[in-house]
Amino acid sequence: MRLLPLIELSLIKATPLALAALGGLFSERVGVVNIALEGMMLAGAFGAILGAYFTGSPIIGVIIGSAFGMALALIHGITSITLKGDHIVSGVAVNILALGGTGFLLYRIFGVHGTSPSAPKLGFIRIGGDFSLSPLFLLALFLVFSSLFLFYRTPLGLRMRAVGEDPEVARSLGIEVAKLRYLGVIISGVLCGIAGGELSLVDLSQFVERMTGGRGFIALACLIIASWRPGRVLAVALFFGVADALADSLQLTNLPLPSEFFLSLPFILTIILLAGFVPGVRPPASLGKQIRED
Amino acid sequence: MIPLLKRARHLLFVLLIALFLSGFIVFLSGGSPRLFFLLLYTGSMGDKEVFLSTLIKATPLILTGLSVAIALQGGLFNIGAEGQLYLGGLASAIVGGLAPLPPPIHLPLVLLSSFAAGALLGFLAGWLRARRGAHEVITTIMLNYIVIYLTGYLVRGPLSAGEAIPKTREIASSASLPIIAEAGSSQLSFGFIIAIVIVFLAYLYLFKTPFGYEVRAMGRNRRAAQRAGIDVGRRMISLMALAGGLSGLAGGIEVAGLHHTFYSQFSPGYGYDGIAVALLGGNHPLFVPFSALFFGALRTADRTLQLEGGIPRDIVLIVQALVIIVVCARNWRFFAKLIRRRKGNEIASSN
Amino acid sequence: MGKVLELRRITKKYASVIANNEVSIEVEAGEIRAIIGENGAGKTTLAEIIYGLRRPDSGEIVINGKGRNHLTPKEAISLGIGLIRQERMLIPGMSVLENIVLGAEPVKRGGEIDWRDAKKRVKELLPLLGFSLDLAKPISSLTPGEKQLVELIKLLFRGASLLILDEPTSHLTPNEVSSFLSLIKRLKEEGKTVLFISHRLPEVLAVASRITVMRRGKVVGTISREEADEENLSHMMMGESFLPPLEKEEVTPGKVVLKLSGVTVTAEDGRLLLDNISLTLREGEIVGIASVAGNGERELALSIAGFLKPKAGEIEIGNRQANFLPPEEIKRLGVAFIPGERDEEGLILDFTLAENLILGYHRLPPYYRFPLLSIRKASQQLLDLSSRLGIVPLDLSLPLNLFSGGNRERVIIARELFHDPCLIIAENPTQGLDIAGARLVRNLLLAEQKRGAGILLISPEVEELIALSDRIVVLRRGRIVSELKAREATPKLLGRLMTGGGG
């Protein structure tokens, strides 16, 4: 087990988690619970392949992927913000819609079930000849810093935090709560869409049905474990990435453990971390609450 | 509590909107909505064989629907019905595969073991939530993946019947549910009756016992329930265990009444379907069977839809998603305002 | 100077009640105008309409000559209107400075918030208020009086010229009230216009130049300060007959029902919430707890009811040790708890009237006969109970969110008193009730006292404590600082004790 390939693999595994978790951060910081990270990622993965296949450019693929993610986010937003539906139920619906929608479109557009045709891959950035870094990881890093700047230094960020803490007070100060909530949700859609693009375009270059495999929920858990703080989110995502990479390498050695064991590890790890986290975790106070209008 | 008639009307209303939207989606993707609705009907109720198939598919949906519904009544989201179903199925296959026992003992044992397996999973999720604050949405989904991998491994390896497809041994005939109706390849088992009976038991539990009262109180205002002296933590755990047991039982009936064995991927998603079933039924036990019937019909018709209509089976999921969205939307006044504003503009511009 | 605000026939209806009924008012620039009325008269709704938090169904709002039929808070702020109300005005999770600038943040070139400029501008406003404030303190550590001042700074920071103050003194100690009233006068001298909404007549008479009276959504009339006195104002507020004063009888105390010895309760982070509390309450006694909100009165109620476990000391109910009993057990000992946060803690709004009336007692007869819960069999009893307390509408199957606030309080009281408790913990029982409703509740408590119950009364209204209690215990920072007979207490004295002397 050499160090450099391990770090490479860890970053590859951590990037979609980090991007999706950061997406979830924007949504939940304005008070909209978003369990549809999984669905938005899946939609993004599909959109990315769609874009890359038809235009030949993986970058356009990622952009289309983010658009798909944004579309689903918009549905979640309309259902939970404007139609005042329960946030979690709405998220469940979006996840199911993503599952059905991607399968449906896969058949209608490509005429196949299960796996899409290949599309051009998104390349890596090579550092020092031996080490490949996904450009999307750099994006995640950039997002951590820009979200910190946004939330603590700009008026928009202050207002978004206020909406997430107490939308009634925010409303009484003339802040348009619904608009800011939509903004947070849409950003989460874009980021999750990009995370999906990472999955389908970086390693695999194909779309496989249900390829997100629960990562969106692990990303959500990352968000919770990280107490909704951007820097910590990246750290927790990296931790999962390392754990994932280690499990992969372990699998290659000749341990008498079935492959299913290794596949279950991230989920077991998530439960353990969620169950063991320290009290004092504080979600945005108005998470999930509806605003009174008139 | 909304009067039952009003709730029935609401259910119908939601169904109509969801069907309309699905037809629209079929239209958008180049298909024929007319064909879609026609095939939906013939594929699920056109003859006795498909009708029985609809009932067969509705059976586990009734139970997973109840599972999700009673949990939601208590304010808990049981997304883990799928995993509970799997574990219940496996447990009943194991117990059913034991040396034959007299049917009055073997069959109840099989069903009980499936209930217990599902209840164990539910208990775990409930405990994690009540005592550790780990939100059950995430933990139940995690458990789903873990259980599906675990059972997948077990039927591939230690519990395998040694055949090409990963599955367990056939269960003994003393462990099988009797067939109550047959047509063509569809065999409806007694499990359907069991599911209906449980519907009534669930109704009694929820609305006629103090435990059900506490569950409903906790689901609507947890703080007030606590102040009233209700032990919310304990209620949560027992509620999740009960919900898990119901889904586990669904798996048990699938094994004992239909497949007579447990195999990898043996559920096309009945556990997740249960979410849409519960929500369409307004989380009310008496309406869950009707909702289950609808989704059972969808599932039965999907083969016809695919073969004769070129509509991929994913449409089932799309319909589910639309149903859930329509059900959870609360702010119908929004549409009224939209119409009023449109009319207002008309009046203004005509001046 | 002219009219700064005019309301023309403002009407606002809710499902069961008309909150504002063709309200028309004219406010002159630079005046202090009081709007008075009892709870439920529609004053708060009106304030919210002027500020844009609610839309009227019909009517016009004319500000500085320009008329419109509704506002948004954003527009109101830009027109120089500011609102202070009791709840929902400050965000606990953010600092004082963040709360002040939220929505009106000064920005540097480049889009960043200019915190330095914000601090400077806030400091310039402080002298007017005659108060100093640590801007970095979290909101949760401020007293209600300090929070009030922060809200005022918020308004002035945005350059408000029309200040709407909705019941601004309800959580202030008597001394804070007088400084607040002087502050209002100073603001008027600065050229501000003030709408002072209150139901407290002495305060209104101290500052207002004109007084508008509202009753049941309608404006009864507007009179000048010279023409007004407490008697005619009360008459205008309440309409028909004057209610006779409360009849409190002399009751001889009986056995001890509640005894606290050295009770100490700490928070999770180690903070002392209750410090060495010793208290005795007997049958037939009403003990009032006087404190500024947040000084331990809530924790006192919760620990006796069994929701907070003491770290030290003993709680005895009857002669049973109750420290470690769960709340349900304590209930069975005959303890009734009327929680202050009515809708959040005492009721389940989605449940029916019947279901709410049995809440907490659902495992006891006559509702519960193993294993079934039968509300139907008990329905006659529940109907009798409801009509005795004047709960309206008398429909057991109606969900509680269709009942008014006053009726909801009656439901809680009906439920808790039904089982003849020996100890009643009443937290703010008359909060938000109109005069008739408050009167009913107070008489019920006195009747319970006569029946032989011991009552622990927690209330922010010192007048209510003095009128109802036999003894008053003053709590400050979780400690008992004084205990005195009710007839020896005056509002000023209690106010001084509650804040530690000097106000």
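Since we're looking at a predicted model, the values are computed, not measured.

Trainee: Please explain the overall build of chain C as it appears in this structure.
Mentor: A count of helices and strands for chain C gives 17 helices and 22 strands. In summary, chain C has a C-alpha radius of gyration of 24 Å against a globular reference of 23 Å for 503 residues, a match within 12%. Overall size of chain C, expressed as C-alpha extent along the three principal axes, is 70 × 50 × 45 Å. The buried share of chain C, taken over its 503 residues, is 44%. Taking the intrachain contacts of chain C between residues at least 6 apart in sequence as the baseline, contacts between residues at least 24 apart amount to 68%.

Trainee: Where do I start with the overall build of chain B in this structure?
Mentor: When its secondary structure is counted, chain B shows 14 helices and two strands. A compact globule built from 351 residues would reach a C-alpha radius of gyration of about 20 Å, and chain B, at 22 Å, matches this within 12%. Taking the principal axes of the C-alpha coordinates as reference, chain B spans close to 85 × 60 × 35 Å. Within chain B, the fraction of its 351 residues that count as buried is 59%.

Trainee: Quick question: what am I supposed to make of the interface of chain A and chain C here?
Mentor: Accessible area lost when the parts come together is the quantity often used to give the size of an interface. In this complex, chain A contributes 17 residues to the contact, which on the side of chain C involves 21 residues. Going through the elements one at a time, α6 (155-165) and α7 (167-172) of chain A are the ones with two or more residues in the side of chain A that touches chain C. Considering only residue class, the side of chain A that touches chain C consists of seven nonpolar, three polar and seven charged.

Trainee: I tried to follow the interface of chain A and chain B on my own but got confused; where do I start?
Mentor: Chain A puts 35 residues into the contact, and the matching count from chain B is 33 residues. Taken together, the elements giving at least two residues each to the side of chain A that touches chain B come down to α3 (58-82), α4 (87-110), α9 (215-225) and α11 (259-276) of chain A. The element best represented in the side of chain A that touches chain B is α4(A), accounting for 14 residues. Looking at the side of chain A that touches chain B residue by residue, the classes come out as 21 nonpolar, ten polar and four charged.

Trainee: Please explain the pairing of strand β11 (residues 256-266) of chain C as it appears in this structure.
Mentor: Residue and element names in this part refer to chain C. Bridge count for β11 against strand β12 (residues 272-282) is seven bridges, and the pairing is antiparallel. Within the sheet, the bridge partner assigned to V256 lies in β12 and is R282. Bridge count for β11 against strand β14 (residues 312-317) is five bridges, and the pairing is antiparallel. Along β14, the bridge assignment pairs S261 with E314.

Trainee: So what exactly am I meant to see when it comes to the packing of α3(A) against helix α8 (residues 177-204) of chain A here?
Mentor: If you want to describe how two helices pack, look at the angle between their axes and the distance between the axes. All names here are of chain A. At their nearest, the axes of α3 and α8 sit 6 Å apart, and the two run at 140° to each other. In terms of orientation, α3 and α8 fall into the oblique class. Crossing geometry of α3 relative to α8 is assigned as right-handed. Here the residues of the contact of α3 with α8 are counted per class, giving 17 nonpolar, eleven polar and one charged.

Trainee: Explain the environment of R161(A) here, please?
Mentor: Residue and element names in this part refer to chain A. You can see R161 is positioned in helix α6. Judged by the 24 C-beta atoms lying within 10 Å of it, R161 is buried. With 117 residues separating them in the primary sequence, R161 and G44 have C-alpha atoms 27 Å apart. Setting aside residues no more than four positions away along its own chain, R161 makes contact with R29 and F151.

Trainee: How do you make sense of the sheet that holds strand β2 (residues 18-28) of chain C when you look at a structure like this?
Mentor: Sheets are built from strands that pair by backbone hydrogen bonding, the pairs being arranged parallel or antiparallel. Residue and element names in this part refer to chain C. An order of β2-β1-β4-β5 is seen for the four strands of this open sheet, with the pairing classed as antiparallel. The open sheet has two edge strands with one neighbour each: β2 and β5 (66-68). Recorded for the sheet is a direction-independent mean angle of 15° between the axes of neighbouring strands. Two elements, strand β1 (residues 3-13) and strand β4 (residues 58-63), share five bridges in a ladder whose sense is antiparallel. By the bridge assignment, L7 is partnered in β4 with I61.

Trainee: What is the right way to look at the nonpolar core in this model?
Mentor: A general tendency of soluble globular proteins is for nonpolar side chains to be buried together. Of all hydrophobic cores here, the largest spans 358 residues; its most connected members are A21(A), C222(A), V233(A), A237(A), I324(B) and I425(C). Considering every element that reaches this core, the biggest residue donor is helix α10 (residues 232-259) of chain B, with 14 residues. The two domains that each donate at least three residues to this core are domain 1 (3-238) and domain 2 (256-499) of chain C. Setting aside anything within four residues of it in sequence, one finds A21(A) in contact with A219(A), C222(A), L223(A), V233(A) and A237(A).

Trainee: What should I look at first to understand the environment of F200(B) in this one?
Mentor: Residue and element names in this part refer to chain B. If you trace the backbone, F200 turns up in helix α7 (residues 191-208). Using a count of 11 C-beta atoms within 10 Å as the deciding quantity, one classes F200 as exposed. Separated by 34 residues in the primary sequence, F200 and R234 have C-alpha atoms spaced 24 Å apart.

Trainee: Hey, could you run me through the pairing of β14(C) in this one?
Mentor: A regular strand carries its side chains on alternate faces of the sheet. All names here are of chain C. One ladder, built from two bridges, connects β14 with strand β15 (residues 320-321); its direction is antiparallel. Within the sheet, the bridge partner assigned to E316 lies in β15 and is Q321. Hairpin connection between β14 and β15: a loop of two residues separates the two successive antiparallel strands, and G318 in this loop has a positive phi of roughly 70°.

Trainee: I keep staring at the domain arrangement of chain C and nothing clicks. Help me out?
Mentor: Residues and elements named next belong to chain C. Domain annotation for chain C reports domain 1 (3-238) and domain 2 (256-499). For domain 1 versus domain 2, the separation of C-alpha centres amounts to 32 Å. With twelve residues of domain 1 at the contact, the number on the domain 2 side is 15 residues. Of the residues contributing to the side of domain 1 that touches domain 2, the split by class is three nonpolar, eight polar and one charged.

Trainee: Even after reading the chapter, I still don't get the sheet that holds strand β6 (residues 81-84) of chain C, so can you show me in this structure?
Mentor: Residue and element names in this part refer to chain C. Taken in spatial order, the six strands make up an open sheet running β6-β7-β8-β3-β9-β10, and their pairing is mixed. Of all the strands in the sheet, the pair left with one neighbour each is β6 and β10 (218-224). The mean inter-strand angle of the sheet, taken between neighbouring strand axes irrespective of direction, is 15°. Bridge count between strand β9 (residues 210-215) and β10: six bridges; the pairing is antiparallel. Paired with I211 across the bridge in β10 is I223. Relative to β9, helix α8 (residues 230-238) is tilted by about 30°, and along the sheet it contacts β3 (32-36), β9 and β10.

Trainee: For this particular structure, what's the right way to read the packing of helix α3 (residues 48-73) of chain B against α7(B)?
Mentor: All names here are of chain B. The N-to-C vectors of α3 and α7 enclose an angle of 15°; their axes lie 9 Å apart at closest approach. The angle between the axes of α3 and α7 places the two elements in the roughly parallel class. The element α3 and its partner α7 pack so that their crossing is left-handed. Here L55, T59, I62, L63, L66, I70 and Q73 of α3 come into contact with α7, specifically with G191, F192, A195, I198, V199, A202 and L206. In terms of residue class, the contact of α3 with α7 is made up of eleven nonpolar, three polar and no charged.

Trainee: Quick question: what am I supposed to make of unusual backbone geometry here?
Mentor: What you tend to see is this: most non-glycine residues have negative phi, and most peptide bonds are trans. All names here are of chain C. Here V392 and P393 are connected by a cis peptide whose omega angle stands at -5°. Relative to the assigned elements, P393 resides in the loop between α13 (379-388) and α14 (405-417). Look at R9: it is not a glycine, yet its phi comes out positive at around 50°. With respect to the helices and strands, the residue R9 is situated in strand β1. One non-glycine residue with positive phi stands out, namely D420, at about 45°.

Trainee: Just checking my understanding: could you explain the confidence of the model for chain C for this structure?
Mentor: Predicted coordinates in areas of low pLDDT are best not read in detail. On average, residues of chain C carry a pLDDT of 87, and 98% of them reach 70 or more. Across the interface, the model reports ipTM at 0.89; the global pTM reads 0.89.

Trainee: How should the confidence of the model for chain B be read in this particular structure?
Mentor: Residues of chain B with pLDDT of at least 70 account for 97%, and the chain-wide mean is 89. Overall, residues 347-351 of chain B carries pLDDT values under 50, and its contacts beyond four positions in sequence, including any with other chains, amount to zero contacts.

Trainee: When you look at α11(A) in this model, what are you seeing that I'm missing?
Mentor: If you check α11(A), its first and last C-alpha atoms are 26 Å apart, about what 18 residues at 1.5 Å a residue would give, namely 26 Å. In the structure, α11(A) departs most strongly from a straight axis at L265(A), where the bend amounts to approximately 40° and where the proline P266(A) lies between one and four residues downstream. Looking at α11(A), one finds that the buried residues are S264(A), P266(A), F267(A), T270(A), I271(A) and L274(A). Tucked inside the fold, the buried residues of α11(A) contact α9 and α10 (230-252) of chain A together with α6 (136-156) of chain B.

Criteria and cut-off values
- Residues numbered from 1 in each chain as written.
- Chains lettered and ligands numbered in written order.
- Predicted model: local features only at pLDDT ≥ 70, side-chain atom pairs only at ≥ 80, totals over all residues.
- Helix = DSSP H or I, 4+ residues; strand = E, 2+ residues; numbered from the N terminus.
- Rg over C-alpha atoms; globule rule 2.2 N^0.38 Å.
- Buried ≥ 20, exposed ≤ 12 C-beta atoms within 10 Å, placed from the backbone.
- Contact = placed C-beta atoms within 7 Å.
- Nonpolar A, V, L, I, M, F, W, Y, C, P; charged D, E, K, R; others polar.
- Pairing = 2+ DSSP bridges.
- Axes fitted to C-alpha atoms, helices over the stretch in contact; angles between N-to-C directions.
- Parallel < 35°, antiparallel > 145°, perpendicular 65-115°, else oblique.
- Left-handed = near helix turned anticlockwise from the far one by under 90°.
- Core = buried A, V, L, I, M, F, W, Y, C linked by C-beta atoms within 7 Å.
- Domains from an automatic or database assignment.
- pLDDT = per-residue confidence, 0-100.
- Expected span 1.5 Å × (residues − 1).
- Bend = angle between axes of the 7 residues up to and from the residue.

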